[in-house]
Amino acid sequence: MKHYQVALLGFGTVGSGVYRVLSENGAQITHREGINISVKRILVRDFEQEPNLHLAPMELYTTSFDDIVNDPEIDIVAECMGGIEPARSFILRALGAGKTVVTSNKEVMSKHWPAFEQAAKSTGAGLYLEATVGGGIPILRTILDSMQANNISRVMGIINGTTNYILTQMTESGRSFEEALKEAQALGYAEANPTADVEGYDAMYKLSILSSMAFHAHMPIEVIYREGITKLTPADFETARLLGYTIKLLAIGKKAGKRIEVRVHPTMIPNTHPLASVRGVFNAIFLTGHAVDDIMLYGRGAGCMPTASAVVSDIVYACHHDQRHHYMTFVNEESISNEITLVCDFICIYSIRLKVADKPGTMAAIAAAFAEQGVSLKSVIQLGEPDGTSARITFITHAASEFAVRDSLKKIEALDCVSAVESVIRVEE
Ligand code: NDP
Ligand code: HSE
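Here goes a summary of the coordinates provided. (Residues numbered from 1 in each chain as written. Chains lettered and ligands numbered in written order. Predicted model: local features only at pLDDT ≥ 70, side-chain atom pairs only at ≥ 80, totals over all residues. Heavy atoms only, no water.)

Turning next to the site of ligand 2. The environment of ligand 2 is formed by Lys-106, Asn-160, Gly-161, Thr-162, Asp-197, Asp-202, Lys-206, Gly-301 and Ala-302. The side chain of Lys-106 places a nitrogen or oxygen atom 2.5 Å from an oxygen atom of ligand 2. Within the side chain of Asp-197, an N or O atom sits 2.9 Å from a nitrogen atom of ligand 2. Protein contacts shield 81% of the accessible area of ligand 2, which totals 260 Å² for the unbound molecule. Among the cavities detected, the one that contains ligand 2 is the largest pocket. Listing elements by their share of the shell around ligand 2, those giving two or more residues are helix H6 (161-173) and helix H9 (201-215). (Near = heavy atom within 4 Å. Polar contact = N/O pair within 3.5 Å; in protein donor to acceptor, adjacent residues only side chain to side chain. Areas by Shrake-Rupley, 256 points an atom, 1.4 Å probe, with all protein chains shown as cover. 1 Å grid on protein atoms, 1.4 Å probe; cavity = no way out; pocket = protein on both sides within 12 Å on 5 of 7 lines; lining within 4 Å. Sits in = over half its atoms within 2 Å of the grid points. Helix = DSSP H or I, 4+ residues; strand = E, 2+ residues; numbered from the N terminus.)

Structure follows, in structure tokens:
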């Protein structure tokens, strides 16, 4: 039986979970898979400060990456540190030394994937990243190993648990963004600095990886339209409720022929859409393939054991493919391929809420500004304010060009009868 030795870089939430799964389930894995996997070293930053030191025998720990990269017995390095440096350098050095790398670090992968894949291919090492998207949900392997028959035309999902928890609270309890964020922080879902989650960076990193795999074309983060959830107010949720919609932070990738669009933003979806019922910290991802049609994967997108499940499955997969590693299939280029046309002028339905003067001619002036840009209106709800002189109007457009909507809003904002464009939220039917 072949024996594989693994080194863990980082022993926090994910790293300690990987150790636990391999310790608790190692015998089962050996029995089922016919391979033996053991942890040989664990890289920590500082013995004195490491809170998880009691979880493994002392002789496994080191504070020196050299002990790992120079050890010929170590086959696989599982990077669970996060951040860019030193994660990037350690991954490159491990691959350069012919060691397979498994990582949960979506930020470093989304920013440096082509360099990593080149380094891996040059030494024949493996490079696996299931845990970078959707935590425990086996989404990348599904694309790699189970969707080969398909041309994938759409990926759409909830891929950030923290924001989904906040949005669920805002929907169900009427909390403000600030209140829901505080609650998410108290429960340990949101970080003390929540920017990466609430401004959509985390979802953007994941969408870069997900859409690159789905569309077989590198989708760097720079080409992804990103908007977070910090500007959403209880009034947006009230509007969504009136219209039969739920607001979710969706990561969306669409491909039609050679045209691709990739975006992360708050989105209204009908309450009947399966993604509308994904509550709390759960994640769910929709894929549309030309042969299989729609599939949806649902599960825990974060957490110690779910994420460790993905990392360990990569380790097992890497062991089975050690003679010929299975690389992701997009053309390994830094920039977006010349074969692809990136679409920034999406065609979307919009929900637009304005605060206006409640007087003759207001509606006509606004409708004219939309009409001038070819934006067709599907429905309008006007609610008068208690002062009797102002009103809030929500317009739902027919599918319209993003640029045309932006141009009409510039004109609408400048109208005397409009005091504010309060919100613009895209709608997916
Ligand atoms: P943690 O902060 O819990 O753990 C990271 C660990 O790595 C810490 O113990 C940290 O030590 C250690 N570390 C950082 N830099 C070094 C270094 N230079 N040398 C040695 N040790 C180092 O993070 P997570 O486990 O939550 O996340 C790890 C990665 O997995 C991130 O990329 C994250 O985005 C990703 N991920 C996390 C998920 C989750 O549910 N937590 C889900 C999916 C992906 P110190 O505390 O001293 O800095
Ligand atoms: N911060 C991430 C989330 C962790 O909330 O989904 C998992 O990547």
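Turning our eyes to something else, we now look at the packing of helix H12 (residues 362-372) against helix H13 (residues 402-413). Axis separation between H12 and H13 bottoms out at 8 Å; the angle between their running directions is 150°. One way to sum up the angle between H12 and H13 is to call them roughly antiparallel. For H12 against H13, the interelement crossing comes out right-handed. In contact with Ile-366, Ala-369, Phe-370 and Glu-372 of H12, H13 contributes Ser-408, Lys-411 and Ile-412. Its residues assigned to classes, the contact of H12 with H13 comprises four nonpolar, one polar and two charged. (Axes fitted to C-alpha atoms, helices over the stretch in contact; angles between N-to-C directions. Parallel < 35°, antiparallel > 145°, perpendicular 65-115°, else oblique. Left-handed = near helix turned anticlockwise from the far one by under 90°. Contact = heavy atoms within 4.5 Å. Nonpolar A, V, L, I, M, F, W, Y, C, P; charged D, E, K, R; others polar.)

Before going further, it helps to spend a moment on the sheet that holds strand E6 (residues 127-128). Here we have six strands laid out as an open sheet, ordered E3-E2-E1-E4-E5-E6, and parallel in their pairing. A strand with exactly one partner marks an edge of an open sheet, and here the two such strands are strand E3 (61-62) and E6. In this structure, strand E1 (residues 2-9) lies alongside strand E4 (residues 76-79), joined through four bridges in parallel fashion. Within the sheet, the bridge partner assigned to Val-6 lies in E4 and is Ile-76. The strands that helix H11 (residues 304-320) touches are E1, strand E2 (35-43), E4, strand E5 (100-103) and E6; relative to E2, the one it contacts most, it runs at about 120°. (Pairing = 2+ DSSP bridges.)

Now for the site of ligand 1. In the vicinity of ligand 1, 20 residues are found, and the nearest of them are Thr-13, Val-14, Arg-45, Ser-104 and Gly-303. With respect to ligand 1, the side chain of Ser-104 contributes an N or O atom lying 2.8 Å from an oxygen atom. The contact in question runs from an oxygen atom of ligand 1 to an N or O atom on the backbone of Gly-303, over 2.6 Å. Its free accessible area being 880 Å², ligand 1 has 71% of it covered by the protein chains. Class assignment for the residues of the shell around ligand 1 results in nine nonpolar, eight polar and three charged.

Here the focus is the pairing of strand E18 (residues 418-427). Bridging between strand E10 (residues 259-270) and E18 involves two bridges; their strand directions are parallel. Considered in E18, the bridge of Met-268 is made with Val-427. As paired elements, strand E14 (residues 347-357) and E18 share eight bridges and run antiparallel to each other. In the strand pairing of E18, Val-356 is matched with Val-418.

Turning our attention to the layout of surface pockets. The calculated volume of the largest pocket comes to roughly 1,100 Å³. Every residue lining the largest pocket is counted, 40 residues in all, and those nearest its centre are Val-14, Lys-106, Glu-191, Asp-202 and Ala-302. Its residues assigned to classes, the lining of the largest pocket shows 13 nonpolar, 20 polar and seven charged. Residues from two domains meet in the lining of the largest pocket; each of domain 1 (2-134 + 306-320) and domain 2 (139-302) gives at least three. (Points joined across faces, edges and corners; volume = space filled by probe spheres on them. Domains from an automatic or database assignment.)

Residues spaced three or four apart along an α-helix point in a common direction, a consequence of the helix completing one turn every 3.6 residues. Spanning 15 residues, H9 covers 21 Å between terminal C-alpha atoms, matching the ideal 21 Å at 1.5 Å per step. His-216 sits one or two positions beyond H9 and adopts a positive phi of about 50°. (Expected span 1.5 Å × (residues − 1).)

Okay, the packing of H6 against helix H7 (residues 177-186) next. Put simply, H6 and H7 touch, their axes get as near as 9 Å, and they point 130° apart. Judged by the inter-axis angle, H6 sits oblique to H7. The interaxial crossing formed by H6 with H7 has right-handed handedness. Here H6 contributes Tyr-165, Ile-166, Gln-169 and Met-170 to the contact with H7, which in turn contributes Phe-177, Ala-180, Leu-181, Glu-183 and Ala-184. Among the residues forming the contact of H6 with H7, the class breakdown is seven nonpolar, one polar and one charged.

With that settled, consider the packing of aromatic side chains. A complete count under the given rule lists eight aromatic pairs for this structure. Both rings, one in Phe-370 and one in Phe-395, keep their centres 5.4 Å apart while their planes meet at 65°; by these two values the pair is edge-to-face. Linking Phe-370 in helix H12 with Phe-395 in strand E16 (residues 390-397), this pair joins segments that are 25 residues apart in sequence. By relative accessible area, Phe-395 is classed as buried at 0%. Here the basic side chain of Arg-226 rests over the ring of Tyr-201, its NZ or CZ set 3.9 Å away from the ring centre. The ring of Phe-346 is capped by Arg-263, whose NZ or CZ atom sits 4.7 Å from the centre of that ring. (Phe/Tyr/Trp six-rings, centres within 6.5 Å; stacked < 30°, edge-to-face > 60°. Buried < 20%, exposed > 50% of the residue type's maximum accessible area, 1.4 Å probe, protein only. Lys NZ or Arg CZ within 6 Å of the ring centre and 35° of its normal.)

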